[in-house]
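Chain residues, written in single-letter form:
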Amino acid sequence: MKVRHYLLRRVVSLLPVIFGVSLITFGLMGLVPGDPAEILASYGKETEPTAEEVEAVREQLGLDLPLPVRYARWLGRVVRGDLGRSLCSGEPVWREITVRLPATLELTAGGMVVGLLIALPVGILAAVKRDSILDQLSRALALLGASVPSFWLGMVLILLFAVRLGWLPAMGRGGLRHFILPSCALGLGASAILMRLIRASLLEVLEQDYIRTARAKGLRERATVLRHALKPSLLPVVTVLGLQFGNLLGGAVIIETIFAWPGLGMFIIESILARDFPVIQGFALFMSLVFVATNFAVDVAYRWLDPRIQYGT
Amino acid sequence: MKTFRRIHTTLFIIGLVATLILVSGCQATATTQPTTPPEGAQATTTPQPTTPLKKPQELTIGLGRNLYYGPKKWYFLHGSLAVWEPLVILDNDMVAQPVLATSWEMNEDGTVWTFHLREGVKFHDGTPFNADAVILNVPKLQEEYMTTLPNLDSLEKVDDYTVRFIMKEPTPNLPQLIAYFSSAMISPQALGEDGRPTAPIGTGPFKFVEYIEDDSIILERNDDYWGGPAKLERVIFKYIPDATTRLAALQTGEIDAIADVGSLQPEQASIVEQNPDLVLLQQGVATTHYLTFNCGKPPFDDVRLRQAVSMVIDRQGLVDNTLYGFGEPGVSVITPRAKQWVRTDVAPRYDPQAAKALAEEVLDGERVEAKLILHSGLLGRWPYENISQILQAAAAELGIDVKIETLEGGAWNEALKAGDYNLTMMPYTLMTGDPDFFMGRWVWSEGDLNQRRSYGYANERADELVIAAISEMDQAVRKEYYDELQAIVAEEVPFTPLYHEVTIYATRKNVKDLRLDVQFKPSLDKAYIE
């Protein structure tokens, strides 16, 4: 099948996914306890709103209409490319998302880089020196990395590197220095899984016939591992990496709050607490797009890693 | 094995390089100043203030909330930023004091109030502040503040610097009602077609420069300020949601102060006190924390059980143990900050023996259950969890088995509305400094919060007093009414004050004269860096 056809199919299959996601989010928001009009009326106020104020908000935002009607209206606007405006700030939802997106992507990418930077060398080493002390150490490291919650790690990093040693800033987004601690807090957990996966996958490949052939030819071990075994062993790693990207985006919510990193995660939590429906809806839509795009990128990477894979059903 | 060693070495180098990249980032900058001003900080060359100060006059304040609201709100920014100013503000005893209005007087029956405006004041965009600006601003704020200005009929311009507020009913406390947020003045040039502000252009000592989403608000000194220019040249409000990170940033010097209500936790006080570079400060604020009863259903429809629960609470112990001493044991339902109104001789008594006797009288050896619901969003800011556990233990002695349930904010509101609770805890701030703002909403049987939260409290005499006090012109008589109301509430305990909030805040040692007031507004006009 041609790549173009494949792309077309992917895009078409995207529509029901997005429709489903939006329907579920809308339904869930309808089930969430609490009166959104009341919560919105008290936004940014020092005192409790009066009953009149609450009713005014309800009417103004059409929150008195039944849920299906509100959904239909929202969908009608989205189809025309209008995600609406935030109920809290009054800014367009699209702008609210895109203005914070770079910060979150930056952090997620940082987490991925840190994760790979640790996982690749350690994972390969552990596979090559199987059952050695190094392998055992890497196993302990992975266990630790997978069990330590990222918020705790974040706090410890701040206390150690910012408060005690004074090497790095404790919070905020700025230059490279601001970037290091949150990326590490985010990436260390991800490295644990990747590390184990790389080891297992590489071990499997190292037992293949063609590796034995390569060794028999007298190829040096380094070349065998790095040039012949590594690339095919990365196939499952890429799948998990794609999934990890989603995980990291989610994990970024916590890390962003701890490091006062002004990204989407911090923003969406506040929007949910404030019952800012257009923002929540827009965000869900946007995130499903990101996930679909990541999966697509993973598929493309497969082809590069293993040319035998064909785009098809 | 030699080959393996070589691989080993290569990989080791990769790892080493990776570590070096990380570490070099730190070392390269380890020698530089801990506080690096953000880009563009040096760009502004403003004339020196009257007393020449050597250090760059830039102050970064860390906060646990975002004070930027945007065009959806009439006042655009929080008042703490000192960008806009009100006509009137409350002093630390919660009495109205002049800001943009210099004086005021009312007619005999309190239906017409005349305000004289400060002359020679300009908004940041150069537009003069005058009667026309007031008239454009106030009706819009009234829409936002139906609670505080329900009686406003119209505004009249008398001359360029005099306006009249025409009220529908006698309003003896109007200056209190329009204090601070309610009379925020935004430049008429910045008001859009629908009358909403499109930009935060005020008359205050600081001008709004930039808002970075969820990150910071940047302000710059207004050199033409009518009260004389501030000493600080630049102020940055940095939003740091996590309390631990906030304190860490103060310790590292990334921020110069944590100055807002609830931004520094009582349990963090000792860390600040032990650090020679930091200064710990405190200020009593107008927020009171209440334990409220659902008087509409058993067991607390019986006044004796409410009295018993109130008497079994050791409020001083509560402040010492759960707040590390940073609080004031509950005195009256009216905050002690409203000095002229609070009645101190009705303070709840701590008497476990009497409480037990009262409970015994009602329960006669039986045990009853009571559901205490907590708002999850409030738990992170105040030690309600600890308090409710202490209460649970104390109430068990009386024969009341308290079940604690924590609900998400929306669900909590719904449970209150439906009356599906026996006890709850909540804060309330007497924003106007006038007792009607509490009595008219909590105590009056038709009060909006009394009804919406199913307090189920109704007392004929209290209703009479609330109504009479609203339109009473003689402040001494009003005082008598509110004294009697406070006594009634103390006797019948539909709700009881647990403690009055004391906000703690902290600055770096070189920050001088930065103080919070009763409404936690920082003194940006006076502060400077030494």
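Residues numbered from 1 in each chain as written. Chains lettered and ligands numbered in written order. Predicted model: local features only at pLDDT ≥ 70, side-chain atom pairs only at ≥ 80, totals over all residues. Heavy atoms only, no water.

Moving on to the overall build of chain A. Along chain A, the regular secondary structure elements total 13 helices and 0 strands. With respect to the principal axes defined by its C-alpha atoms, chain A has extents near 85 × 60 × 30 Å. Buried positions account for 50% of the 313 residues belonging to chain A. Pairs at least 24 residues apart make up 72% of the contacts formed inside chain A by residues separated by at least 6 positions. For chain A, the exposed area adds up to about 15200 Å²; of that, 67% sits on carbon and sulfur atoms. (Helix = DSSP H or I, 4+ residues; strand = E, 2+ residues; numbered from the N terminus. Buried < 20%, exposed > 50% of the residue type's maximum accessible area, 1.4 Å probe, protein only. Contact = heavy atoms within 4.5 Å. Areas by Shrake-Rupley, 256 points an atom, 1.4 Å probe, with all protein chains shown as cover.)

This part takes up the interface of chain A and chain B. Where interface size is quoted, it is often the accessible area lost as the parts come together. In this assembly, 62 residues from chain A lie in contact with 59 residues from chain B. Summed over both sides, the interface of chain A with chain B buries roughly 5200 Å², with 61% coming from carbon and sulfur. Summed over the shared surface of chain A and chain B, the number is 3 salt bridges. For Glu 408 of chain B, the salt bridge goes to Arg 275 of chain A, with nearest N and O atoms at 3.0 Å. Counting every contact that joins chain A to chain B gives 7 residue pairs in polar contact (both at pLDDT 80 or more). Taken together, the elements giving at least two residues each to the side of chain A that touches chain B come down to helix H2 (36-41), helix H3 (51-60), helix H5 (93-128), helix H7 (150-164), helix H8 (176-206), helix H10 (221-233), helix H11 (235-258) and helix H12 (264-273) of chain A. With 9 residues, the single largest contributor to the side of chain A that touches chain B is H5 of chain A. Classifying every residue of the side of chain A that touches chain B by side-chain character gives 33 nonpolar, 11 polar and 18 charged. (Buried area = accessible area lost by both parts, 1.4 Å probe. Salt bridge = Lys/Arg side-chain N within 4 Å of Asp/Glu carboxyl O. Polar contact = N/O pair within 3.5 Å; in protein donor to acceptor, adjacent residues only side chain to side chain. Nonpolar A, V, L, I, M, F, W, Y, C, P; charged D, E, K, R; others polar.)

This part is about the domain arrangement of chain B. Residue and element names in this part refer to chain B. One can read the domain layout of chain B as domain 1 (44-256 + 510-529) and domain 2 (286-502). Centre-to-centre, using C-alpha coordinates, domain 1 lies 33 Å away from domain 2. With 19 residues of domain 1 at the contact, the number on the domain 2 side is 19 residues. At the boundary of domain 1 with domain 2, total buried surface from both sides reaches about 1500 Å², with 62% on carbon and sulfur atoms. Counting the surface domain 1 buries against domain 2, the share from its top three residues, Asp 93, Met 94 and Pro 172, is 34%. Run the count over domain 1 and domain 2 and you get 1 salt bridge. Put simply, Asp 93 and Lys 339 hold a salt bridge, and the shortest N to O gap is 4.0 Å. Residues that form the side of domain 1 that touches domain 2 fall into these classes: 8 nonpolar, 8 polar and 3 charged. (Domains from an automatic or database assignment.)

Here the focus is the confidence of the model for chain B. All names here are of chain B. In this model, chain B carries an average pLDDT of 87, and 89% of its residues clear a pLDDT of 70 or more. Low pLDDT, under 50, characterises residues 1-50; the predicted model gives this stretch 45 contacts beyond four residues in sequence or across chains. Per the prediction output, this complex has pTM 0.81; the corresponding ipTM is 0.79. (pLDDT = per-residue confidence, 0-100.)

All names here are of chain B. Spatially, 4 strands are ordered E5-E6-E8-E7 in an open sheet, and the strand pairing comes out antiparallel. Taken across any chain shown, the strands that pair with only one partner, and hence form the sheet edges, are strand E5 (101-106) and strand E7 (152-159). Across this sheet, the average inter-strand angle for adjacent strands is 20°, counted without regard to direction. (Pairing = 2+ DSSP bridges. Axes fitted to C-alpha atoms, helices over the stretch in contact; angles between N-to-C directions.)

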